[in-house]
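Survey of secondary and tertiary structure
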Amino acid sequence: CISFTGSKPTPYSRDLSCSSLCFIIFSFSLFIRCTGPRFKSCFLSFVPLLAWLPRYPFRENAIGDLISGISVGIMHLPQGMAYALLAAVPPVFGLYSSFYPILIYFIFGTSKHISVGTYAVMSVMIGSVTERLAPDSDFVIPGNDTNSTTLDIVSRDAERVKIAATVTFLSGIFQLLLGLVRFGFVVTYLSEPLVRAYTTAAAIHVIVSQLKYSFGINPQRYSGPLSLIYTVIEVCALLGQTNIGTLVVSIVTIIGLVAAKELSALAAHKIPIPIPVELITIIIATVVSWQMDLKTEYRVEVVGEIPSGLQAPVAPAVSLLGSMVGDAFALAVVGYGIAISLGRIFALKYAYKVDSNQELIALGLSNSIGGLFNCFAISCSMSRSMVQVSTGGKSQVAGAISAVVILVILLKIGELFEELPKAVLAAIIYVNLQGMMKQFGDICSLWRTNKVDMVVWVMTLILTVLFNPDMGLAASIAFSILTVVFRTQLPKYSILGQVPGTDIYKPVEDYNQVKETPGIMIFRSSATLYFANAEMYIDALYEKTGVDVAKLLSHKKKLEAKRLRKEKKAAKKAKKEAKKRAKEAVKAAKGEEPQFSDTDESGEEAEANGDVHKLSVKEPKDVAAVEAGPDPDTDTPLPRAIILDLSPVNFLDTVGVKTLRNIYKDYGEAGVQVYLCDCQRGVVESMEKGDFFNEKVTKSILFSSVHDAVLYCQQGNSKEVQYIVMSYTHTRISEVS
């Protein structure tokens, strides 16, 4: 660096030169290590287009991808314009969102069949952000009169477009970072019942947000919890101000769309290409609106100006990033969750693999680059994906062709739809959401199959309806995880018995043929052992064995204390008697006649036998009989040994280790030996780190299987071969005692 500048080096330039040299050496070393097949594999996995496009089977797939791309591109036109209303931005930006992100996904995506682009749930989440940060009240301009005001729609729309593009850019950055750190597994927290309930609740938000376009009213904008309820109340209060012309247009469009879709479904087996019902609807509605001048004669709100051509990229508004971090992360997770779920369905059906981390990168680049071109966040649409598959689409080429169709519309055809009523777009949204509303049928099916999943479904719906979609998603995920905690807190505890003639052990309450091993209790929990269920594990063990060890040990201590009191009392009495007899002996030596009490028969007998100090003291009941005897409360005999089957335990925390230690100690004091079997490697390591093993408690209590532990217990203290489970390698060793 110094030689190129030719100037005298300064401390700063020396530091810069050293830093530059280190960076060059580091980069070169990475390049050296990544050369060859490894570098090629990494690069092709990052840009999948270069891997599959050279091998594209043109003859087999070209026609199907062409027809599919045109069909899906036609669907993008009405859906893009309609979903732009959900995002509270002008309709043309829905077309932009159906062009740029699709091209990016074509290069970096791995799913061959999903159709990315505008999506209702994502659009309504964007709309909640744009209307919250740029409400109508911020763009009210006082009129010439004292009480008159006007709304600056141009400035409002420009600000909302900036907000939508910025939050989309930030959500794309989140997705890109999660993909680079291989965090694709985050979607596992979005179970299918949760996703379906969430999309259903989001559809309700979408329907409520479009009521103003169907009735031609202007309700107040609400945000925060219960905003949906407040909006419904506001719409009901404004029904008296309904624009009849707008309402008629909306009703006629809905009826026509539903009828046309039903006829199209009936003729689907006869027509290879689906009828573009939405496109035909907006063409007819535009022509009718233009001929009848609905905007002027009936005050029906129309789409308005649709500029031709593409826009130059614009930098995101950095000042707004701090106020939308939570919204952007919610968009990133929801968009990815929906896309990867649908992508995996098609991948499983058509036998190919979808890379979850690469999908994150592809969606992240689509949103981040799309945000620079004033697009709003995208995901994949079930309806468009089904059309893409049903019309013969077999690769990402169909998506690229649909992007070309949108490009033609943006450059030449878009301005022809300026007279399209917004009520028609709202009607298209209503009809397209009917599939999501049918998901209410999940409640009945889940009630029959899994009631916990049904509770997750219902609670997700309620939480998302009551809160905004972003807050509802967070609350729903928290509730779903909470149900997992509850399931591990309330596992099924079983006593195992042996299937006769085999080494198989099954729960005795579930199978009629299994028999318990006499004197041996085999206990198993269906969940792992950790702090949340440790106490219930011990209680269930006491209940299943029929012995409360705590009460047994308490009873033992009482007997021990009683025995000690009797011994102390007997010793005191013996000492007193010894003194008395010594005194009598002294009197006898002096020639005095000893005096015995009438009741002291034991003394006379002792003197007659020549043993003055011999006393007959009745011993208390032996405590050993208590240790091996029955429970004082239930009269249930204690087993000789208890075997804990730890096969379901996949980890142990400190509380779990302490619980096992207490069980071993308490039953050991009661005279019952405790053995552990089928421990996983991590469980044994946790026990070692938790100081479970010591000089008295060795690994000889570990067994590789339940059957090995039973055989050892049946051998007892014989000097035969012992089956001792070895350490966490789970290799069984025969050791001669």
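Please refer to the structure placed before this passage.
Below is a summary of the structure that appears in this document. (Residues numbered from 1 in each chain as written. Predicted model: local features only at pLDDT ≥ 70, side-chain atom pairs only at ≥ 80, totals over all residues. Heavy atoms only, no water.)

On to the overall build of the protein chain. What the protein chain contains, in helices and strands, is 31 helices and 12 strands. Per-residue burial for the protein chain yields a buried fraction of 45% across its 737 residues. In the protein chain, the share of contacts with a sequence separation of at least 24, taken over all contacts with a separation of at least 6, comes to 79%. When the accessible surface of the protein chain is split by element, carbon and sulfur atoms take 62% of a total near 38600 Å². (Helix = DSSP H or I, 4+ residues; strand = E, 2+ residues; numbered from the N terminus. Buried < 20%, exposed > 50% of the residue type's maximum accessible area, 1.4 Å probe, protein only. Contact = heavy atoms within 4.5 Å. Areas by Shrake-Rupley, 256 points an atom, 1.4 Å probe, with all protein chains shown as cover.)

Another aspect to go through is helix α14 (residues 277-292). In a regular helix each residue adds 1.5 Å, so 16 residues correspond to 22 Å; α14 covers 22 Å between its end C-alpha atoms and thus fits that length. For α14, the full list of buried residues reads Val 277, Glu 278, Leu 279, Thr 281, Ile 282, Ala 285, Thr 286 and Ser 289. For α14, the elements touching its buried residues are α5 (58-86), α13 (244-266), α15 (294-297) and α20 (422-432). (Expected span 1.5 Å × (residues − 1).)

This paragraph deals with the pairing of strand β5 (residues 493-498). Counted residue by residue, β5 has six buried out of six residues, so it is predominantly covered. Burial of β5 is two-sided: the residues Tyr 493, Ile 495 and Gly 497 facing one way and the residues Ser 494, Leu 496 and Gln 498 facing the other way are all buried. Examined bridge by bridge, β5 and strand β7 (residues 520-525) share four bridges and lie antiparallel to one another. Among the inter-strand pairings, Ile 495 is bridged to a residue of β7, identified as Phe 523. Remark: six residues form the turn of the hairpin made by β5 and strand β6 (residues 505-507), two consecutive strands paired antiparallel; Gly 501 in that turn has positive phi of roughly 80 degrees. (Pairing = 2+ DSSP bridges.)

What the rule picks out here adds up to 14 salt bridges. Here Asp 157 and Arg 156 are joined by a salt bridge, their closest N and O atoms 3.2 Å apart. Per residue, the accessibility class of Asp 157 equals that of Arg 156, and both read buried. Residues joined in a network through salt bridges with shared partners are Asp 136, Arg 156, Asp 157 and Arg 160. (Salt bridge = Lys/Arg side-chain N within 4 Å of Asp/Glu carboxyl O.)

The end-to-end C-alpha separation of helix α10 (residues 192-209) is 26 Å, in line with the 26 Å expected for 18 residues at 1.5 Å each. Among the 18 residues that make up α10, 13 are buried, leaving the element largely enclosed by the rest of the structure.

All right, on to the side chain of Gln 79 then. Tracing the sequence through the fold places Gln 79 in helix α5. Judged by its relative accessible area of 1%, Gln 79 falls in the buried class. Not counting chain neighbours up to four residues away, the residues in contact with Gln 79 comprise Thr 118, Ser 381, Ser 383, Arg 384 and Asn 432.

Moving on, we get to the packing of helix α16 (residues 325-350) against helix α18 (residues 382-390). Describing two packed helices takes the angle between their axes plus the distance from one axis to the other. Running from N to C, α16 and α18 point in directions that differ by 20 degrees, and their axes come no closer than 11 Å. In terms of orientation, α16 lies roughly parallel with respect to α18. Of the two possible hands of crossing, α16 and α18 adopt the one that is right-handed. Contacts from Leu 342, Phe 346 and Tyr 350 in α16 reach Met 382, Ser 385, Met 386 and Val 389 in α18. (Axes fitted to C-alpha atoms, helices over the stretch in contact; angles between N-to-C directions. Parallel < 35°, antiparallel > 145°, perpendicular 65-115°, else oblique. Left-handed = near helix turned anticlockwise from the far one by under 90°.)

Here we take up the packing of aromatic side chains. As enumerated under the stated definition, the model contains 19 aromatic pairs in all. On the basis of an interplanar angle of 50 degrees and a centroid distance of 6.0 Å, the ring pair of Tyr 530 and Phe 651 is categorised as tilted. A residue pair is termed long-range when its members are at least 10 positions apart, and Tyr 530 in the loop between β7 and α25 (534-545) and Phe 651 in the loop between β8 (641-645) and α29 (654-669) qualify at 121 residues. Take Tyr 530: its relative accessible area is 9%, and that puts it in the buried class. Aromatic side chains Phe 703 and Tyr 712 sit 5.4 Å apart centroid to centroid with 40 degrees between the ring planes, which places their arrangement in the tilted category. Among the aromatic residues, those joined into a cluster by ring pairs are Trp 52, Tyr 56 and Phe 106. In this arrangement the basic side chain of Lys 451 is found over the ring face of Trp 447, its NZ or CZ atom lying 4.6 Å from the centre. The ring of Phe 693 carries Lys 699 above its face, with NZ or CZ at 5.9 Å from the centroid. (Phe/Tyr/Trp six-rings, centres within 6.5 Å; stacked < 30°, edge-to-face > 60°. Lys NZ or Arg CZ within 6 Å of the ring centre and 35° of its normal.)

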